[in-house]
Amino acid sequence: MEEQRERLEGELLAAIAAAADLRALEEIRVRALGRRGEVTALAKAVGRLPPEERRAAGQAVNALKRTVEEAIARRRAELERIELERRLARERIDVTLPPRPRPEGRVHPVSQVTEEIVAILADMGFAVAEGPDVEDDYHNFTALNIPPEHPARQMQDTFFLEAEEEGAPLLLRTHTSPVQIRTMLAGRPPFRIIAPGRVYRRDYDMTHTPMFHQVEGLLIDRRTHMGHLKGCLIDFVRAFFERDDIPVRFRPSFFPFTEPSAEMDIGCRRGKGQLVVGAGDDWLEILGCGMVHPRVLEGVGLEPDVWQGFAFGLGIDRLAMLKYGIPDLRTFFEGDLRWLRHYGFVPLDIPTTYGGLSR
Amino acid sequence: MKFTLPWLREHLETEAGAEALAERLTGLGLEVEEVADPAARLAGFTVARVREARPHPNADKLKLCEVETRSGVVQVVCGAPNARSGMYGIFAPEGTVIPATGQPLKRAVIRGVESRGMLCSAWELGIGEDHEGIIDLEGGWEIGTPAAEVLGLEGPVIDLAVTPNRADCFGVSGIARDLAAAGAGSFRPRTITAVPSTGTPGPDIRLAFPAGAENACPAFLGRIIRGVRNGPSPPWLQRRLRAIGLRPISALVDITNYVMFDLNRPLHVYDAAKIRGDLVLRFARPGERLLALDEREYELDETMVVIADDTGPVALGGIMGGESTGVTEETTDVLLEVALFDPPRVAATGRRLGIESDARTRFERGLDPAMLLPGAEYATRLILDLCGGEAGPAVLAGRVPETRREIRFRAEQLPRLAGIRLEPEEMVRILEALGFGVAGGPETYDLTVPSWRHDITTEACIVEELTRLHGYDRVPPVPVTRTEAVGRGVLTPDQRRRVQARRRAATLGYLEAVTWSFVGEEQARLFSDGEPIRLRNPLSSDLSVLRPSLLPGLLAAAARNIARKQETGALFEVGPRFLGAGPGEQRTAVAGLRFGAFAPRHWDVPRRPVDAIDAKSDLYALLADLGVRVEALQIAGPPSWYHPGRAATVTLGPNPLASFGELHPGVLEAFDIELPVVAFEFDLEALPRPKAKASKTRPPLEAWPFPPADRDFAFLVDADLPAEDLLKVIRSADRRLVREVRLFDVYTGPGVPEGKKSLAVTVRLQAQDHTLSEGEIERVAHHIIEAARSRLGAELRG
């Protein structure tokens, strides 16, 4: 019997090692360990041995069974691995193929920069106000202390509509400042608002378009003075351009609706057809501002000896051009796909003060 | 406003140079646009002596000059007829940039003879018109003396942008006063003395304006000066005028320009011999014409102030003189005009006639009335000095208006509005230096406003003056901080939706465009039945009405892209559209369009043109994002600018909400577009407002544990049956168990009878509280088939 067991072990292990695939291996398993299998038969034969031999023979057959089982398991794993490798080799594709297109929309720089501006000023407590694009003479001019003979009221600067209201033609607002008036007439002080929007001037050349975008700012309370105006705008431009070293300068200027009035310049460098914001030998005007004129306050029913504050107006398109190096204002409004893809913003790049305004 | 540094120094005693003064001026609100130094351009040019000039061996008109220069004797070939031995001229060595041409001078061989450098003409140096002969200096100059010194150039030229409120700074003296008040030097007003009359009066002068319109010309002074000689003005005057860009004409005209820029006092001179009768100031009569000094003829109307003699208008008040009475070299008797005109009227007249003149610029901003008489004396003195003659008496029509104005200024307004404090002495010093009369103090001052400062009207103006002179840069900045510790959202719900619509559209693959708020009238008519909202003064016919829709602007952009071979694209815009001009008729619209193919050519993406369902898909995704329950939307016929069979209006209950679809071929033709275009559009205002909810809690999740069962059905229906009808019928077959219905195939072709189509649907069934049995599933399937058959005539496909 011992002889038989040894021979069987040799045969089976050789067969297992030679099994070419899982099916052949399964056949060997049945031949060896199945109900009628050779190892099974040997185990049965143990029962017929004399009792004193049974124990040793039984242990030997069990050892054979284990050896065969282990050999089969090992071979199976190996064959499965080979099989998988073959399948994977068969399934190979060309991964250099270009990917399938996914939507790639963009947000216009004017929208993006407007949101950047709102994010900064909202952090200083300004809320967003709005007004209509079609305005009347009162809100656009009279209430802002712009006299009837002012050049801005003439046909060459302002778009007038054929439609009239109270005998005066309606017009397209020439600045976002009428929103100051609407805000002050509609609410009660204190006021702290910004108003972004479209504005219109009758001008079309290298650096002017008949429509562009402004943000108006207005802060009215009992104590705000020019120091606050400067602080607010200095903090604003440094946050907007994301640089703490931007030189700023305030120059006296003139607007009918502010007194004192100022223009704010930031430092820049010019060269090679490019304008770089920051320390440099030149200045660039970026906004007009001032303390709200007492006549404007009186006009909306606020006592100028009690209420005071500042207003400012800045050009969104111009800020976008400066920050992102966009050379030509006119291209903003052409809807050129190439331009929009190049200068536009990824839709999920939402400017915030906590996450940063831009990448 | 241009002036030169030496000119300024006649009014301001200062050591400061041009650059330093320019910085002070900008800090005062007198923004310097440019500082140019013509002397700097002549740095390389020096005095040289022609030792010998002899004929060129190979050319009759050229001369060979041996020139003694700063760096030795050189040989120069010269073509000037006046080149001669012994003369002194201005020499440019090789490499010098010639101002007139901007080119560097090169060594040359002229007709076989080498020439190293050049003897220059006034034209070449940019200081005169003469380019015939070379500069011939009188007297013996030391060789090598800089040209700028010899030619007596004016020095640096400063160009200011004067804001509309600072009319007084259109004269050098006004600028000097501001600088002096800022501590940049001491002000030296011109000493003006009266010139006594030694002759008889000139023509009589009358103001003839209707009652109520007297302010058209409150005062007009005329003074006759007889026996003048009107030749070229002296070199210093010519130089000064030329430096600021004016062309010297004759002594008399140059004097008027000089006084205008010096004292901001425009003048006019008439050839008295050419005036017929007396002068009358009046409004022009309809049909009257004037040939002005710019040699153009203007047609006048009754709003314009003219100075007329017996023949009609001879000058336009405050704007320009007339040709017929202009002074010439032959003029011997001159009438000097010094007048005041109503600024708005001057502005309106100038605008209407399209005349921009230095006089108009000054009159329309407002002159100093108190300068009328001194200005006349000063000009008279200059005429006598430069042209000789005898002055008659001044004839004043009207009278110089009293302009004394007072402002009470509370000193506390300065810290209150500007955030700075000044010592009372400093405040008084600044105000007095600016010309204010100051009384009272230190809490409250009674100020008399200078007659030249029409812009000073309120206490705030005084605050500006004090702050401006003290320096805006010395106002300490104070941060503006919000009042609450944590910032609250500052956007209104509508503003948030605008941001969201924009970013959602971009994630769908659209590029955001910003197009004009105005379009052409014909384009507008394609998208609206209403009356176009016309502009009175459009820039062009294609920007003449307010847009009733965003689509024309986007279509025009698409057409431009297609013309540039960008034939596949998606554009959207969020912006205003206008139903009417009135308040409340503006809407914030969202519109998008896709044109050409759905996607660019790609190895694995089927090439297909955009279709209406693309637009619908984008629209529904957007609406869902904006809080619209898209399951509740219904479909109705589209607006006229769409393809009637491939577009729809989307409604929510009775309210139209949006539209989408393929654009009408007629519309595309109007934009010259030959590719398919699909679009969607809606107004944010039309969408249901999101409800402001007190609680942010969401309803509990319904994730039932019992397994769903999916069953597929293919129905044969009439070809024109809306698929939505079938889906609705299936959904309502068992509202409890039918969880989801999806159309997965639409088929016509072999196997489907003519006039029919096959719609294949998969239905997911699920119960809330138990596992569905086969029997239940069969029963629902039966209901579905029955309902489809009985309500829509649908047959289950075998």
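Just so you know, these numbers come straight off a predicted model, no measurement behind them.

Rules of the game
- Residues numbered from 1 in each chain as written.
- Chains lettered and ligands numbered in written order.
- Predicted model: local features only at pLDDT ≥ 70, side-chain atom pairs only at ≥ 80, totals over all residues.
- Helix = DSSP H or I, 4+ residues; strand = E, 2+ residues; numbered from the N terminus.
- Rg over C-alpha atoms; globule rule 2.2 N^0.38 Å.
- Buried ≥ 20, exposed ≤ 12 C-beta atoms within 10 Å, placed from the backbone.
- Core = buried A, V, L, I, M, F, W, Y, C linked by C-beta atoms within 7 Å.
- Contact = placed C-beta atoms within 7 Å.
- Nonpolar A, V, L, I, M, F, W, Y, C, P; charged D, E, K, R; others polar.
- Pairing = 2+ DSSP bridges.
- Domains from an automatic or database assignment.
- Axes fitted to C-alpha atoms, helices over the stretch in contact; angles between N-to-C directions.
- Expected span 1.5 Å × (residues − 1).

Another point: the overall build of chain A. Tallying secondary structure elements over chain A gives 11 helices and 11 strands in all. Rg of the C-alpha trace for chain A: 42 Å, well past the compact-globule value of 21 Å for 359 residues, more than 25% over. Taken over the C-alpha atoms alone, chain A extends approximately 130 × 50 × 45 Å along its principal axes. Counting across all 359 residues of chain A, residues that qualify as buried make up 42%.

For chain B, the helix and strand inventory stands at 20 helices and 40 strands. Across its three principal axes, chain B shows a C-alpha extent of roughly 130 × 80 × 60 Å. Per-residue burial for chain B yields a buried fraction of 42% across its 798 residues.

The next thing to look at is the nonpolar core. All names here are of chain B. V334, I383 and A558 are the most contacted members of the largest nonpolar core, which has 255 residues in total. Ranked by the residues each element gives to this core, the list is headed by helix α7 (residues 251–263), at nine residues. Other than its neighbours up to four places away in sequence, I383 contacts I225, V228, L252, I255, V334, L336 and G389. In this structure, F45, V47, V67 and I127 belong to the second largest nonpolar core, which totals 30 residues.

Each side of the interface is counted separately: chain A has 72 residues, and chain B has 76 residues. Looking at the side of chain A that touches chain B, the element that brings in the most residues is helix α8 (residues 226–241) of chain A, giving eight residues. Of the residues that constitute the side of chain A that touches chain B, the class distribution is 39 nonpolar, 14 polar and 19 charged.

Right, let's get into the sheet that holds strand β5 (residues 59–69) of chain B. All names here are of chain B. Here five strands make up an open sheet; going across it, the order is β6-β5-β4-β7-β10 and the pairing antiparallel. On the outer flanks of this sheet lie β6 (72–78) and β10 (118–119), each paired with one strand and no other. As paired strands, strand β4 (residues 46–56) and strand β7 (residues 88–92) are joined by four bridges and run antiparallel to one another. Each residue of the ladder has a partner; that of R49, found in β7, is Y88.

Bringing the domain arrangement of chain A into the picture now. Looking at the assigned domains, one finds that chain A contains domain 1 (2–90) and domain 2 (109–343). Inter-centroid distance (C-alpha atoms) of domain 1 of chain A to domain 2 of chain A is 90 Å.

All names here are of chain B. If you trace the backbone, I462 turns up in helix α13 (residues 459–470). Given 29 C-beta atoms within a 10 Å radius, I462 is considered buried. Taking the C-alpha atoms as reference, I462 lies 13 Å from A433; in sequence the two are 29 residues apart. Once residues lying within four places of it in the same chain are set aside, the contact partners of I462 are I407, F409 and L447.

The domain boundaries assigned to chain B delineate domain 1 (2–37 + 156–187), domain 2 (40–151), domain 3 (205–398), domain 4 (405–474), domain 5 (493–686) and domain 6 (709–796). Each of domain 3 of chain B and domain 5 of chain B was reduced to a C-alpha centroid, and the two centroids are 60 Å apart.

Now for the pairing of strand β32 (residues 586–595) of chain B. Residue and element names in this part refer to chain B. Here β32 lies mainly inside the structure; eight of its 10 residues are buried. Pairing analysis gives 10 bridges linking strand β31 (residues 569–578) to β32, with the strands arranged antiparallel. Bridge pairing in β32 links F572 to G592. Here β32 pairs with strand β36 (residues 677–683) via seven bridges, running antiparallel. Counterpart to F595 in the pairing with β36 is V677.

All right, on to the sheet that holds strand β39 (residues 756–765) of chain B then. Residues and elements named next belong to chain B. The sheet built from four strands is open, its strands ordered β38-β39-β37-β40 with antiparallel pairing. For this open sheet the edge positions go to β38 (738–747) and β40 (795–796), each flanked by a neighbour on one side alone. Across the face of the sheet, helix α19 (residues 723–731) comes into contact with β37 (709–718), β38 and β39 while running at roughly 150° to β38. Docked against the sheet, helix α20 (residues 774–792) engages β37, β38, β39 and β40, running at close to 15° with respect to β37.

So, about unusual backbone geometry. With an omega dihedral of 0°, the bond running from A:P189 to A:P190 counts as a cis peptide bond. On the secondary structure map, A:P190 appears in the loop between α7 (178–186) and β5 (191–200). Each neighbour pair has its own omega, and for B:G441 with B:P442 the value is -5°, a cis peptide bond. Mapping B:P442 onto the fold places it in the loop between β25 (437–440) and β26 (444–449). The phi torsion at B:D672 lies on the positive side, around 60°, for a residue other than glycine. Among the secondary structure elements, B:D672 is positioned in the loop between α18 (665–670) and β36. For B:D672, a count of 11 C-beta atoms within 10 Å corresponds to the exposed category.

Residue and element names in this part refer to chain B. Within the element layout of this structure, D37 appears in the loop between β3 (31–36) and α3 (38–41). Overall, D37 belongs to the partly exposed group, with 19 C-beta atoms counted inside 10 Å. For the pair formed by D37 and G155, sequence separation is 118 residues and the distance between their alpha carbons is 6.0 Å.

Turning our attention to helix α2 (residues 22–33) of chain A. Compared with the 16 Å implied by 1.5 Å per residue over 12 residues, the 16 Å span of α2(A) between its first and last C-alpha is a close match. Close packing links the buried residues of α2(A) with α1 (2–18), α3 (38–47) and α4 (51–90) of chain A.

Quick look at helix α10 (residues 372–387) of chain B now. Residue and element names in this part refer to chain B. Along its 16 residues, α10 runs 22 Å from first to last C-alpha, staying within 8% of the 22 Å computed at 1.5 Å per residue. Turning to α10, its buried residues are L372, G375, A376, Y378, A379, T380, L382, I383, L386 and C387. On its buried side, α10 packs onto β14 (219–226), α7, β22 (334–340) and β23 (390–398). Directly after α10, the chain includes G388, whose backbone phi takes a positive value near 75°.

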